[in-house]
Every structure is written in structure tokens, then in C-alpha cells.
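One-letter residues, chain by chain:
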Amino acid sequence: MDRLLSRAPAVVLTGPRQVGKTTLALEFARERNAAYLDLEDPRDRTKLEDIHKYCDRNSHRLVILDEIHRVPGLFEPLRGIIDQRRREGRRAGHFLLLGSASIDLLRQTGETLAGRVAYCEMQPLNIREAAGLDVDDLWHRGGMPDSLLATNDADSFEWRFDFIRTYLERDIPALGPRIPGETLRRFWTMLAHDQGQPFNAALLARSLGISGRTVGRYLDLMVDLLLVRRLVSWRRNIGKRLVKAPRTYLRDSGICHALLGIESFDALLGHPVVGGSWEGFVIENILSGVPPHVSCAYYRTVGGAEIDLVLELGAGEVWAIEIKRSSVPKVSRGFHTACEDVRPDRKVVVHGGDESYPLRRGVEAVSLGGICGELGS
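Conventions used here
Here the residue numbers are simple positions, counted from 1 along each chain's written sequence. Only residues with pLDDT of 70 or above have their local features reported here, since the model is predicted, and side-chain atom pairs are shown and tallied only from 80 upward, although totals for entire chains, interfaces and linings are computed over all residues. With hydrogens and water excluded, all non-hydrogen atoms of the structure serve as input to the side-chain values. Two rings from Phe, Tyr or Trp (for Trp, the six-membered ring) form a pair when their centres sit within 6.5 Å of each other. Planes less than 30 degrees apart are called stacked, planes more than 60 degrees apart edge-to-face, and all others tilted. The numbering of helices and of strands both runs from the N terminus, where a helix is a DSSP run of H or I of at least 4 residues and a strand a run of E of at least 2. Count a disulfide wherever a pair of cysteine sulfur atoms falls within 2.5 Å. Here, nonpolar core refers to any group of buried Ala, Val, Leu, Ile, Met, Phe, Trp, Tyr and Cys residues whose side-chain atoms link them within 4.5 Å. Here's how the labels work: a residue is buried when its accessible area is under 20% of the maximum for its type, exposed when over 50%, partly exposed in between, all with a 1.4 Å probe on protein chains only. Whether two residues touch is decided by their heavy atoms; if any such pair falls within 4.5 Å, the residues are in contact. To obtain an axis, a line is fitted to C-alpha atoms, over the contacting stretch when the element is a helix, and the angle between two such axes runs from 0 to 180 degrees between their N-to-C directions. For classification purposes, an angle smaller than 35 degrees is called roughly parallel, one larger than 145 roughly antiparallel, one from 65 to 115 roughly perpendicular, and anything else oblique. By definition, turning the near helix anticlockwise from the far helix through less than a right angle yields a left-handed crossing, and turning it clockwise yields a right-handed one. Strands are labelled as partners when DSSP assigns at least two bridges between them. What a helix should span is 1.5 Å times the count of its residues minus one. By arc we mean the arc of the directions from the helix axis to the C-beta atoms, nothing more.

Colleague: Which residues make up the packing of aromatic side chains, and what are the values?
Modeller: Enumeration according to the criterion identifies 7 aromatic pairs in this entry. Residues Phe 163 and Tyr 167 carry aromatic rings whose centres are separated by 5.0 Å and whose planes lie at 35° to one another, so their mutual orientation is tilted. Here Phe 163 pairs with Tyr 167, and both are found in helix 9 (residues 153–174), just 4 residues apart, close to one helical turn. Measuring from centroid to centroid gives 5.7 Å for Phe 187 and Tyr 218, while their planes differ by 70°, and the two rings are edge-to-face.

Colleague: For the state of the cysteines, give the residues involved together with the corresponding values.
Modeller: Across all of its chains, the model carries 0 disulfides by this definition. Free cysteine: Cys 372, not disulfide-bonded; nearest cysteine sulfur from Cys 296 at 14 Å.

Colleague: How would you summarise the nonpolar core if you had to cite specific residues and measurements?
Modeller: Counting residues in hydrophobic clusters, the biggest one holds 67 residues, and the most contacted among them are Phe 187, Trp 188, Ile 286, Leu 311, Leu 368 and Ile 371. Among the elements that line this core, the one with the most residues is helix 15 (residues 274–287), at 7 residues. Once you skip the residues sitting within four places of it in the chain, Leu 368 turns out to touch Ile 127, Trp 278, Phe 281, Val 282, Asn 285, Ile 286, Val 350 and His 351. Core analysis: the next-biggest nonpolar cluster, separate from the first, contains 21 residues, Ala 35, Leu 37, Val 63 and Ile 81 among them.

Colleague: Mind laying out the packing of helix 10 (residues 181–193) against helix 11 (residues 201–208), listing which residues take part and the relevant values?
Modeller: Packed helix pairs are characterised by how far apart their axes lie and by the angle those axes make with each other. Relative orientation of the contacting elements helix 10 and helix 11 amounts to 140°, with a least axis distance of 11 Å. Put simply, helix 10 runs oblique to helix 11. Remark: the crossing between helix 10 and helix 11 carries right-handed chirality. Between helix 10 and helix 11, the residues in contact are Thr 183, Arg 186, Phe 187, Met 190 and Leu 191 and Leu 204, Ser 207 and Leu 208, respectively.

Colleague: Summarise the sheet that holds strand 2 (residues 35–38); cite the residues concerned and give the values.
Modeller: Spatial strand order, 2-3-4-1-5: 5 strands in an open sheet with parallel pairing. If you trace the sheet from one side to the other, it starts and ends with strand 2 and strand 5 (117–121), each paired once. Looking at each pair of strands side by side, their axes are set apart by 15° on average, direction ignored. Sheet contacts for helix 5 (residues 75–87): strand 1 (10–14), strand 3 (63–66) and strand 4 (95–99); angle to strand 4, the most-contacted strand, approximately 155°.

Colleague: Summarise helix 5; cite the residues concerned and give the values.
Modeller: Across its 13 residues, helix 5 extends 19 Å between first and last C-alpha, which sits within 8% of the 18 Å expected from 1.5 Å per residue. Phe 75, Pro 77, Leu 78, Ile 81, Ile 82 and Arg 85 are the residues of helix 5 that are buried. Seen from one end, helix 5 has its buried residues packed into an arc of 155°, which puts them on one side. Phi turns positive, to about 95°, at Gly 89, one or two residues after helix 5.

Colleague: Help me get a handle on unusual backbone geometry, residues and values and all.
Modeller: Phi at Glu 67 takes a positive value of approximately 55°, unusual for a residue other than glycine. Position of Glu 67 relative to the elements: it lies in the loop between strand 3 and helix 5. On the accessibility criterion, Glu 67 (5% relative accessible area) is buried. One non-glycine residue, Leu 226, adopts positive backbone phi at about 65°.

Colleague: An account of the sheet that holds strand 13 (residues 363–367) is needed here, citing residue identities and associated values.
Modeller: Across the sheet, which stays open at both edges, the 6 strands sit in the order 8-9-10-11-13-12 with mixed pairing between neighbours. Two strands lie at the open edges of the sheet, namely strand 8 (295–300) and strand 12 (357–358), each paired on one side alone. On top of the sheet, helix 15 reaches strand 8, strand 9 (306–314), strand 10 (317–323) and strand 11 (346–351); it is set at about 5° to strand 9, its chief contact. Taken strand by strand, helix 17 (residues 368–376) contacts strand 9, strand 10, strand 11 and strand 13, and its axis lies near 95° from that of strand 13.

Function-wise, these values are silent; they only describe arrangement.
Next up, the structure:
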């Protein structure tokens with residue numbers, strides 16, 4: 001965060017990790033002697049009736065504005081304040097803008113504060129941030145701090161259930177889309193059941209009794225809110241018929257499990273979604289640490305050749321990643337065939353154990369912690 005504040009006048013912090021976001025903001029306010037305003041609180045909103053006076057009074061402090069999308073009229077005066085300070089030679093570290101409703105916040109800041117803002121997504125805690133905690137707990141409970149650190153599974157599950165209800169009843173309606181909460185919950189739950197499967201808009205539309213175009217809008221909304229990852233198909237002119245539909249993953253495994261009613265780790269191990277859940281968990285941990293320029297996709301031909309995750313790291317370097325839950329992974333024929341098509345620079349199988357070792361035909365078996373450490377270094 002300090003790095004972002006040192007290079008931009010304003011930093012926008014978005015994402016569904018609301019508790020982590022607020023905790024971070026309050027810590028920053030204490031450590032940096034910053035001014036903190038919660039714009040859901042009418043008393044704090046009143047302090048900004050004359051935002052120019054307020055910012056003048058706090059001109060040498062970082063100002064933290066939480067839930068700023070609740071007061072969209074602030075973006076225009078903030079632009080003027082930032083530009084004035086730039087003319088005075090103060091080029092960075094003026095404002096930290098927070099908002100869980102990222103779709104609205106990013107659109108507003110992108111239009112009004114273009115060239116004046118840096119972005120930081122508050123994703124669920126990953127394996128590096130949760131170092132010292134049990135990986136199985138992180139997978140089962142997800143990366144929302146209060147869920148992960150709950151005293152028992154029942155409290156963790158209840159927190160996630162309340163989180164889902166809050167998004168459906170408050171956060172999404174506040175953005176303006178008129179979507180029935182129960183319909184959106186059913187759609188969210190269907191995506192949880194289909195974790196890691198190609199997105200089938202026609203099938204989902206029939207199940208929900210709506211049009212395929214409407215289903216597409218629902219998916220766009222969930223992606224924009226950073227609740228769902230849409231992993232596109234890797235496409236190159238290699239002369240093969242490819243599966244082109246994107247794959248969808250709920251970005252927090254704990255939310256996925258809560259939607260499916262999975263309350264314990266033992267129940268997870270016996271659930272049909274276990275393989276897709278582990279795959280999504282691994283993908284999120286890997287992608288949470290890669291640089292912004294890295295592109296990601298999956299690869300699958302109609303004939304069944306498949307790579308779970310293709311990373312293009314830049315300068316033409318490509319990694320092919322297979323994901324297995326077993327600590328003694330076996331590489332499928334389909335992965336080898338897909339690698340002959342893609343011709344990656346590195347072939348990796350990420351498994352559920354703690355060790356890394358070579359396999360046949362140039363494939364490496366690597367632990368989740370191992371590959372996250374490499375890509376995050």
C-alpha cells in the first residue's frame with residue numbers, strides 16, 4: 001500500500017474482502033495519523049458538505065474515504081483538489097478511497113480521476129498472507145479474514161452465510177441493477193455447483209426461466225464485483241478445434257462451500273464439487289501473486305487435450321499448469337497432448353503435498369506454496 005501511495009495522488013482499494021479492507025484502513029489511519037471517514041455514517045458525510053474546507057484543514061494528512069461510492073458527487077471536487085496540489089508540487093499520497101462495490105467505484109474513478117489514481121484489489125487472503133495457518137482450513141473456510149479465523153467451523157459458516165445475504169440484500173441493490181435477490185442467489189449457487197466448468201448460458205437460462213442474454217448480464221455483474229473469475233479459453237492458430245466457452249470459478253472457496261451448504265472439511269471431501277473447488281482455490285492463489293501483465297487462460301480441445309491453467313508471463317514465455325489434489329499426482333495423457341499443441345516453456349503439476357520434484361517428460365511436480373512463492377517473488 002505504501003508503494004502505491006508513494007506514486008499516485010489517490011489509491012482505490014476495492015473488493016469483497018470488506019472486513020480486511022476496513023481493518024487495513026483503520027490501521028493506516030492510526031499509523032499514518034490519517035483522517036478516516038466512513039461515508040455510510042451520516043455524521044461523517046456531514047463533515048464533507050464543504051469538501052474543500054475539510055481537505056484544506058487536513059491538507060498534510062492522508063484522507064481515507066470508506067464506501068466512497070455512496071457519495072459519487074465527491075469525485076469531481078477531488079479531481080480539482082488533486083490537480084491543485086500537483087501544481088503545488090505535492091504529487092502523491094493524498095487520498096485512500098475504499099469501496100466494496102467495485103463495479104460502480106471503478107467506473108466513477110476511471111472517468112473522473114483518470115491519470116490520478118492507482119488501483120488495488122482486496123482479494124481473499126492467499127496462502128502467502130495466511131502463512132502458518134492450515135492450508136486445508138484456508139481452502140475449506142476461504143480467505144475472508146473473519147471466516148478463516150473463526151473459533152470453529154459453525155461460526156465460520158455463519159459468517160459466510162451472512163456475507164452472502166448482505167451482498168444480495170444490500171450491496172448489489174445499491175448498485176442499481178434490479179435483479180430479484182432469490183434469482184441471483186440461485187444463479188450464484190449454480191455457478192458454485194459448476195465450479196471450473198465451461199459456462200453454459202443456455203442451460204442456466206432454462207433453469208432460471210430467463211433469457212441467455214440476461215444470464216450473461218448476471219455473470220458480468222458477478223465478475224465486476226470480483227466474486228467470480230471468468231477464465232477464458234487460450235486461443236492460438238494451432239489447427240485444433242477448441243472448447244471456447246469460458247470457465248467460471250467462485251473466487252473465494254469458502255463462499256462457494258457456503259452456497260453449497262458444506263459446513264465441514266469432511267463434508268467437503270465427500271462432495272462432488274471437491275475437485276473443482278480445489279482447482280479454483282489453486283488458480284486464485286496462483287493468480288493473486290502474478291504481476292498485472294501476466295495473462296491467464298485454460299486450454300481444451302474438443303478431443304479432450306487439456307491444460308487447467310496457461311500463463312503467459314511476457315517475452316513469449318508460457319507455462320502450462322495441471323492441478324491435482326493428490327500429493328502423489330499422475331499426469332494425464334490429455335495434458336501431455338495439450339503441451340504438444342501449446343509448446344510451453346515450463347510444464348508444472350501443482351499438487352496437494354508439500355514437496356517439489358521432477359516427473360517424466362519434463363514435467364515438474366510443485367507444491368502450491370512452492371509455485372506461489374516463485375510467481376510472487
